[in-house]
Each structure stands twice: as C-alpha cells, then as structure tokens.
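Structure assessment
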Protein chains: 2
Amino acid sequence: MFEVKNKNGRARRGVFSCAHGGEVQTPVFMNVGTQAAIKGGVSAHDLQEVNCQIELSNTYHLHLRPTDKVVREMGGLHKFMNWQGPILTDSGGFQVFSLSALRKIKEEGVYFASHLDGHKIFMGPEESMQIQSNLGSDIAMAFDECVENPSTHDYVKQSCERTYRWLERCITEHKRLNSLPDTVNPKQMLFGINQGGVYADLRVWHMKQIRDLDCDGFAIGGLAVGESADVMYEIIDAVEPHMPEDKPRYLMGVGTPTNIIEAVYRGVDFFDCVMPSRNGRHGKLFTWEGVVNIINQRYATDPRPVSPSCGCPLCKNYSRSYIRHLFKADEVLALRLAVLHNLYFYNDLMEKIREAIAENRYEDFRAIYSEKLAQRAVD
Amino acid sequence: MFEVKNKNGRARRGVFSCAHGGEVQTPVFMNVGTQAAIKGGVSAHDLQEVNCQIELSNTYHLHLRPTDKVVREMGGLHKFMNWQGPILTDSGGFQVFSLSALRKIKEEGVYFASHLDGHKIFMGPEESMQIQSNLGSDIAMAFDECVENPSTHDYVKQSCERTYRWLERCITEHKRLNSLPDTVNPKQMLFGINQGGVYADLRVWHMKQIRDLDCDGFAIGGLAVGESADVMYEIIDAVEPHMPEDKPRYLMGVGTPTNIIEAVYRGVDFFDCVMPSRNGRHGKLFTWEGVVNIINQRYATDPRPVSPSCGCPLCKNYSRSYIRHLFKADEVLALRLAVLHNLYFYNDLMEKIREAIAENRYEDFRAIYSEKLAQRAVD
C-alpha cells in the first residue's frame with residue numbers, strides 16, 4: 001500500500017497504491033475536482049494530459065449535488081466522471097465549517113443548512129462514511145471538526161477530543177460499509193486527521209491518540225486557515241515525529257509551491273490545494289522562473305510560450321500574446337489553458353521534488369526553489 | 001479551387017481548396033471562433049477532434065481586440081490560434097451594423113463607436129480588406145451593408161447599389177494587398193456578398209451585377225436576421241439560378257439543421273452559425289433523434305450517452321447524468337462538452353448530407369431529417 005523508498009533528511013520518496021490505478025509516486029499533489037469536474041472546463045480525461053496521479057473530490061458538494069445516491073446509482077465516482085486512477089474524497093467537515101450556515105456541533109455530529117438552498121442537513125461520522133462509501137473513492141477521510149483560527153486552547157482541546165471519538169466511530173462505520181456485499185469500492189481506505197489548531201501540545205497529544213488506530217494514512221488538517229506559514233511549519237515540525245513512519249502523511253489544503261517544498265522537507269507525502277486552478281483562472285501562472293501574471297500589458301506581443309521548458313497544452317501550442325488575448329477577451333478558453341498549465345506545473349514540481357530526494361540533493365533543491373517559486377518571474 | 005463533383009437536383013457535392021489545409025469537402029459547415037477562440041473553452045486543437053474543416057473568425061472583434069496589428073505581428077491568425085486548416089474571416093460589416101453604436105453610413109464607409117469602449121472607428125471597403133489581410137485568413141469577405149429587417153424597398157435598393165460599389169473597391173484593394181511583398185497570406189481569396197433584403201427583385205438585380213466580378217465565391221448575406229424561414233428559402237430560390245455554377249455559394253449565418261438541409265437542397269455549399277455553440281451552452285444538444293434538453297430532470301440518473309451513435313468527446317466518455325450534473329452545478333466543463341458535442345453533430349450532419357448527395361438520395365435524406373432534427377428527441 002505504501003512504502004518509503006528513499007529518505008533525504010526528513011523528506012521521503014515513496015510509492016503508494018490503492019484499488020484504482022497503478023503505483024502512485026510520492027510526494028504527490030492531488031488535483032482538485034470539487035464537484036466531479038475540475039474548475040475551468042477541465043475533465044478527468046484532461047488530467048491524464050497534465051500527469052495527474054490522484055484526483056480529489058468533495059464529499060459535501062457531491063452530497064448536495066447531484067447527491068451521493070445519484071453517484072452511487074451511476075456506478076460510483078470513477079465511472080461517473082470517467083477517471084480510472086485513484087480518487088480521494090474529503091470528509092465534508094471542512095465545507096460544513098466553512099460554507100454552511102446555522103451549524104450546531106453536537107456529540108453525534110453537525111446540524112447545518114445547505115449553502116445552496118438552506119435545507120437542513122445532519123452529518124456525523126457515520127453519515128460522512130456512508131456518503132464517501134456511496135461515492136466509492138479510494139481514500140476516504142475521517143469526519144473531523146476543522147476549528148476556526150483563532151480559537152481558544154480550551155475550545156480546541158474539547159474539539160480535538162471529540163474529533164478523536166469521531167475517528168473511532170468513522171473506523172467502525174467504515175469497516176462495516178466496506179464489508180457490505182454491494183459496496184461500490186470495498187477496498188476503500190480511511191485516513192485519520194490530526195487536529196489541534198495552532199497549539200503544538202494539543203497537536204502532539206491528538207497525534208499520539210490517533211496514531212495507533214487502524215488507519216491507512218494520517219493527515220494534518222486545520223492548517224492553511226489563516227495562520228502564518230511559519231506557524232504552519234512549526235506545527236508540522238511538532239507533529240511529524242509522532243506520525244507513523246510507514247504510513248502516508250497528507251497536509252490538507254496546502255499550498256503554494258514554497259509551502260509544498262517546505263512541507264516535503266518536513267516529511268509530508270500528500271498535498272492538495274485549489275491554488276493552481278484558482279490562480280490560473282486569474283491569470284497567475286506558475287513557472288520554474290517564478291510567477292507570471294499573464295494579463296500584464298508587457299505580454300501583448302510576446303511570441304514566446306509562457307514557459308519554454310513546459311510541456312503543457314498551453315506552452316506547447318500557444319504564445320503569451322495569445323493567452324493574454326484570451327484573458328482580455330473573456331474567453332473561457334483562457335481559464336482552461338491556464339488551469340491546465342498550473343496543474344501541469346504542480347505535477348511537474350512534485351516529480352522534480354521526487355527526483356531530488358531520490359538523488360539525495362533535496363537540500364539543494366529547496367535552497368534554489370523554495371523562495372524563487374514565490375517570486376514574480378523576471379522576463 | 002472549387003469543383004462540383006455530384007449534383008442531386010440543385011444540391012451540390014464538391015471539393016474546395018485554398019492556401020491552408022487539404023481538400024475541403026462541401027457542403028461544409030464552418031465552425032465559429034469569433035475572437036480567435038471557440039466559445040465554451042474550445043481551442044483550435046479541439047476543432048480537429050470534432051472534424052472541423054474550416055474555422056471562421058470575426059474581423060470586427062479581432063480589429064478591436066487584440067487588434068489586427070497584433071495578430072499580424074504574431075504571424076497571422078493561423079499561427080496566433082495555432083490552426084493549420086482554412087480560415088474564413090467575415091468583413092466586419094455585420095458586427096458594425098449589429099453591435100456598434102452611433103454609426104453613420106457614407107459613401108466612403110461607416111463611422112461607428114466601439115461596443116467595448118466607445119472609441120470612434122471608421123471602416124470602409126479598403127479598411128476591411130486591410131484588416132483581413134493582416135489577419136491572413138484564407139477567405140476574406142467583401143465589406144457590405146447588412147440592412148435591417150424590415151427596411152423599405154427604396155432604402156435597400158440604395159444600399160445594395162452602394163454595396164456593389166463597395167465590392168468593386170474591395171476587389172481592387174484586395175488585389176493590391178495580395179501583391180505586396182510582406183502580405184501575411186498572398187493567396188487570400190475574396191468572396192462577394194449578395195444583398196437586397198427580402199426583395200427578390202433587388203436580390204436578383206444585385207446578384208446579376210456582382211456575378212461577373214472577379215470573386216472566388218459568392219455569399220448570400222443579410223438573411224436569418226428576423227425574417228421567416230420560408231422567406232429565406234424563397235430568396236435563395238430566387239437568387240440561386242443567377243449564381244455562378246463553378247464557384248462556391250455561402251449562406252451567411254445559417255442556421256438550424258433544418259435550415260441547412262433546406263439550403264443545401266437549394267444549391268448552397270458553405271454555412272456558418274453560432275447556433276451549435278450558443279445552444280450547447282444552454283444545454284440544448286443536437287442529435288440524430290432530435291434536440292435533447294439535457295438540463296431536464298428526466299436525465300438525472302440516465303446512464304446512457306446523449307446520443308449512442310455519436311463519436312464526440314461527450315458521448316464517448318460521459319453519461320447524460322454526468323453532463324446534466326455539470327450544467328446544474330455551473331461547471332464550465334458543461335459548456336465545453338456541450339459545445340464539442342454540437343459542433344461534432346453539425347460537422348457530422350454535413351458529412352451525412354454529402355454522402356446522401358453523392359449517393360443520389362438527397363431527396364430521401366431531406367424527407368427524413370428536415371423536420372425530425374428540429375423536434376425534441378423522443379426518449
């Protein structure tokens with residue numbers, strides 16, 4: 001399922017496998033297809049062209065629309081969106097806390113109102129597992145509370161104690177669902193999620209509690225919610241020594257290329273973030289030379305590709321002048337090409353990270369790129 | 001350049017060639033990429049996948065943005081949008097009359113204000129030819145006045161006399177531009193445009209005037225602007241006998257599958273219309289079984305492709321349930337897949353039309369499909 005092949009400091013080069021697709025090479029960036037489609041007019045088929053290894057969809061969104069019952073009736077998410085590779089679904093927890101209104105957290109779960117039409121919904125650990133089982137993803141995420149930042153130490157302590165109890169219930173329900181005769185994907189895995197806000201003591205306590213539970217991997221959740229990057233790195237530094245060596249580690253919702261380089265340096269294997277597609281849709285293109293704001297007037301008659309070394313559908317076929325024109329002319333094709341470019345870049349970044357670890361030069365790689373990739377590209 | 005291979009009644013099966021691409025099989029539907037991109041996130045590269053033979057872009061839009069000077073500097077439209085096949089550009093006339101404000105028509109041309117920012121522009125026959133020469137299209141269209149419907153007989157008579165004089169100026173300027181040493185596409189062709197509103201006498205008079213001018217093809221313009229389909233067919237019936245047999249005939253801006261079948265029946269070879277992409281973006285999908293409104297609730301759990309016999313990227317990969325979900329979830333991917341489907345259908349329609357003509361059974365084809373394709377598909 002997961003094997004660490006090389007280590008370079010704390011950075012890990014590994015392989016992972018699950019019920020769909022071949023071997024996943026880690027560290028890996030999971031490409032986000034929230035509602036069973038990638039924002040910007042990108043299909044699962046297109047993901048192959050940008051070397052995506054794992055697709056990620058959102059439980060909360062799919063539960064509301066088209067509903068997990070529909071997805072199950074259509075044969076599960078792989079068949080529905082025609083993606084044969086691995087799929088990870090989040091638990092719905094993050095969206096329940098960030099999008100929905102009128103939420104009430106109780107021991108049994110969360111009562112909230114749909115952000116689409118206000119109808120009342122209950123979701124607890126069992127419901128989250130049932131929805132993810134209906135979706136038939138390869139990796140289900142445990143249902144947790146993602147606390148707001150800032151929150152008091154007292155509140156976070158109570159919350160992550162409850163999240164621990166919820167994880168126990170998730171594991172029980174997940175095993176039951178996987179053993180049913182008509183389960184969409186009976187080999188579905190379950191990852192537990194570490195919480196504890198920005199309090200290192202709670203993070204460590206929680207990680208020590210959950211590390212011995214029967215999970216296929218562990219995530220660090222509740223970061224990248226407004227705290228500084230330095231605080232995020234400190235939390236990873238605190239938690240990582242307590243995470244099992246032999247299981248994948250997933251830093252949820254992170255982040256910029258710099259964040260990823262820094263988190264890999266601290267021993268993280270899995271990532272996901274909406275940043276490449278969201279920034280792409282605003283004309284911010286990631287390259288090995290830094291960030292290109294393609295809407296800038298300076299590119300109006302620039303015949304070069306955005307990044308000469310890039311093999312994406314945008315850089316292989318079109319000039320800076322053309323993609324800038326598409327943005328200025330409000331053509332949807334601008335969004336699509338920019339998203340494809342950024343996803344290609346992120347997947348390429350992970351490949352270069354893996355090579356650097358395998359060749360025992362990750363420290364050098366980090367020294368060159370950690371800052372550079374956050375800067376504006378110099379022409 | 002153009003040869004009629006078979007006739008079946010007045011319907012013609014032909015081949016056409018120009019400076020780019022191989023032989024174009026006619027009757028042909030030209031796929032519209034207004035601003036050097038196809039609405040709905042479809043690229044020139046994607047057009048190959050839906051069997052597009054000729055791409056059409058709009059002179060008015062490209063003149064305003066990114067400007068024809070930029071396109072010329074980037075090597076012309078073929079290079080700019082990376083499309084190696086034939087390109088037709090319209091004259092700008094239609095948009096000057098339908099989109100711009102404050103227009104004044106004089107003998108020398110039209111003064112108008114940009115619909116984007118209101119800046120004042122002058123376009124006459126020479127300017128239209130110069131812009132299209134900068135774009136480097138394979139077929140330039142003559143600059144004409146597309147009169148409003150309804151307009152008086154007197155006004156239309158004056159207008160089409162002027163359009164005739166404008167055509168003479170277009171031809172002169174077009175020859176001059178093609179002979180310049182640094183012309184983007186020195187083999188650019190020029191098609192003249194028949195006008196005359198809904199007045200058969202003016203249409204015939206105008207056609208007889210222009211038929212002997214040195215044009216590579218002739219279009220019927222100024223139809224599909226609000227008149228009934230029957231009136232449109234009557235005008236084609238009146239004009240067609242006066243069009244040269246050995247040159248392609250292009251019915252501008254038409255139309256529904258039914259309109260195309262009826263116009264081919266009356267001897268037309270070239271078509272273009274925004275309908276497949278526009279209707280696609282609203283969830284109206286053309287199939288050989290009739291029109292499918294994919295947003296309908298009945299398709300929510302329908303596992304079948306939109307059209308089982310269709311080879312487009314939508315029908316080969318996804319269910320009705322999935323594409324409906326994408327529309328309901330406001331995913332841009334819905335637009336893209338629907339547009340690809342409809343363009344594929346239109347290109348396929350033309351192929352089936354050509355087969356029917358070649359096999360001398362166009363009358364039967366028309367009897368089966370002319371009405372059927374306008375109806376809602378029965379499940």
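Here the structure is a predicted model, which is why all the values come from computation and not from measurement.

Section: the domain arrangement of chain A
Residues and elements named next belong to chain A. According to the domain assignment, chain A contains domain 1 (2–273) and domain 2 (280–372). Each of domain 1 and domain 2 has a C-alpha centre, and the two are 27 Å apart. Domain 1 puts 35 residues into the contact, and the matching count from domain 2 is 27 residues. Interface area for domain 1 against domain 2, summed over the two sides, is near 2,700 Å², with a carbon-plus-sulfur share of 62%.

Here's the deal with the nonpolar core
Grouped together as the largest cluster of nonpolar side chains are 197 residues, with contacts concentrated most on Ile353(A) and Ile353(B). Look past the residues within four positions of Ile353(B) in its chain and what remains in contact with it is Pro27(B), Ile260(B), Ile261(B), Val264(B), Tyr362(B) and Phe365(B).

Concerning the interface of chain A and chain B
A common way to state how big an interface is: give the accessible area lost once the parts meet. The interface is formed by 37 residues belonging to chain A together with 37 residues belonging to chain B. Here chain A packs against chain B, burying approximately 3,000 Å² in sum over the two surfaces, 57% of which is carbon and sulfur. For the chain A face of the interface with chain B, the top three residues by lost area are Phe80(A), His325(A) and Glu331(A), together amounting to 18%. Our enumeration of links across chain A and chain B arrives at two salt bridges. The residue Lys39(A) makes a salt bridge to Glu331(B) at a minimum N-O spacing of 2.9 Å. At the boundary of chain A and chain B, one finds 14 residue pairs in polar contact (both at pLDDT 80 or more). Mapped onto the side of chain A that touches chain B, the elements with two or more residues apiece are helix H1 (44–49), helix H3 (68–73), helix H4 (77–81), helix H13 (320–328) and helix H14 (332–358) of chain A. When residues in the side of chain A that touches chain B are grouped by element, the largest group, five residues, is from H13(A). Each residue belonging to the side of chain A that touches chain B can be placed in one class, and the counts come to 19 nonpolar, 10 polar and eight charged.

Some thoughts on the environment of Ser309(B)
Residues and elements named next belong to chain B. Along the chain, the position of Ser309 falls in the loop between strand E16 (290–293) and helix H12 (313–317). A relative accessible area of 58% means that Ser309 is categorised as exposed. When the C-alpha atoms of Ser309 and Glu108 are compared, they prove to be 52 Å apart, with 201 residues separating the residues in sequence.

Observations regarding the packing of helix H9 (residues 229–239) of chain B against helix H10 (residues 257–265) of chain B
Helix-helix packing is characterised by the crossing angle of the two axes and by the distance between the axes. All names here are of chain B. One way to put it is that H9 packs onto H10 with a least axis distance of 10 Å and a crossing angle of 25 degrees. Comparing the axis directions of H9 and H10 gives the class roughly parallel. In the crossing of H9 with H10, the sense of the turn from one axis to the other is right-handed. When H9 is examined against H10, the residues Ala229, Met232, Tyr233 and Ile236 are found in contact with a partner set consisting of Thr258, Asn259, Glu262 and Ala263. When grouped by side-chain class, the residues that make up the contact of H9 with H10 number five nonpolar, two polar and one charged.

Topic: the state of the cysteines
Residue and element names in this part refer to chain B. Under the defined criterion, the tally for this structure stands at zero disulfides over all chains. A disulfide-free cysteine, Cys146 has its sulfur positioned 12 Å from the sulfur of Cys160, the nearest such atom. Here Cys315 is not disulfide-linked; the sulfur of Cys310 is the nearest cysteine sulfur, at 3.8 Å. On the accessibility criterion, Cys315 (8% relative accessible area) is buried.

Regarding the sheet that holds strand E3 (residues 24–26) of chain A
Residues and elements named next belong to chain A. The sheet built from three strands is open, its strands ordered E1-E2-E3 with antiparallel pairing. If you trace the sheet from one side to the other, it starts and ends with strand E1 (2–8) and E3, each paired once. Adjacent strand axes in the sheet meet at a mean angle of 15 degrees when their direction is disregarded. With six bridges connecting them, E1 and strand E2 (residues 11–16) associate as antiparallel partners. When the bridges of E2 are listed, Phe2 appears paired with Phe16. Those strands touched by H14 are E1, E2 and E3, and its axis lies near 115 degrees from that of E2.

A short note on the relation of the copies chain A and chain B
Expressed as a screw transformation, the operator carrying chain A onto chain B has a rotation angle of 180 degrees and an axial translation of 0.0 Å, and the superposed copies differ by an RMSD of 0.0 Å. Given the turn and translation reported, the copies of this chain are related as if by a two-fold rotation axis. When each C-alpha of chain A is compared by its distance to the rotation axis, Gly41(A) comes out closest, at 3.3 Å. Of the residues that chain A buries at the interface, 100% are likewise interface residues in chain B, meaning the two copies contact each other through the same surface.

A closer look at the packing of helix H6 (residues 125–135) of chain B against helix H7 (residues 153–178) of chain B
All names here are of chain B. The N-to-C vectors of H6 and H7 enclose an angle of 35 degrees; their axes lie 8 Å apart at closest approach. Between H6 and H7 lies a crossing of right-handed hand. Contact with H6, carried on its side by Pro125, Glu126, Met129, Gln130 and Ser133, involves Trp166, Arg169, Cys170, Glu173, His174, Arg176 and Leu177 of H7 and no other residues of that element. Taken together, the residues that form the contact of H6 with H7 break down as five nonpolar, three polar and four charged.

About the thresholds
Residues numbered from 1 in each chain as written. Chains lettered and ligands numbered in written order. Predicted model: local features only at pLDDT ≥ 70, side-chain atom pairs only at ≥ 80, totals over all residues. Heavy atoms only, no water. Domains from an automatic or database assignment. Contact = heavy atoms within 4.5 Å. Buried area = accessible area lost by both parts, 1.4 Å probe. Core = buried A, V, L, I, M, F, W, Y, C linked by side-chain atoms within 4.5 Å. Buried < 20%, exposed > 50% of the residue type's maximum accessible area, 1.4 Å probe, protein only. Salt bridge = Lys/Arg side-chain N within 4 Å of Asp/Glu carboxyl O. Polar contact = N/O pair within 3.5 Å; in protein donor to acceptor, adjacent residues only side chain to side chain. Helix = DSSP H or I, 4+ residues; strand = E, 2+ residues; numbered from the N terminus. Nonpolar A, V, L, I, M, F, W, Y, C, P; charged D, E, K, R; others polar. Axes fitted to C-alpha atoms, helices over the stretch in contact; angles between N-to-C directions. Parallel < 35°, antiparallel > 145°, perpendicular 65-115°, else oblique. Left-handed = near helix turned anticlockwise from the far one by under 90°. Disulfide = S-S within 2.5 Å. Pairing = 2+ DSSP bridges. Least-squares fit on C-alpha atoms with pLDDT ≥ 70 in both.

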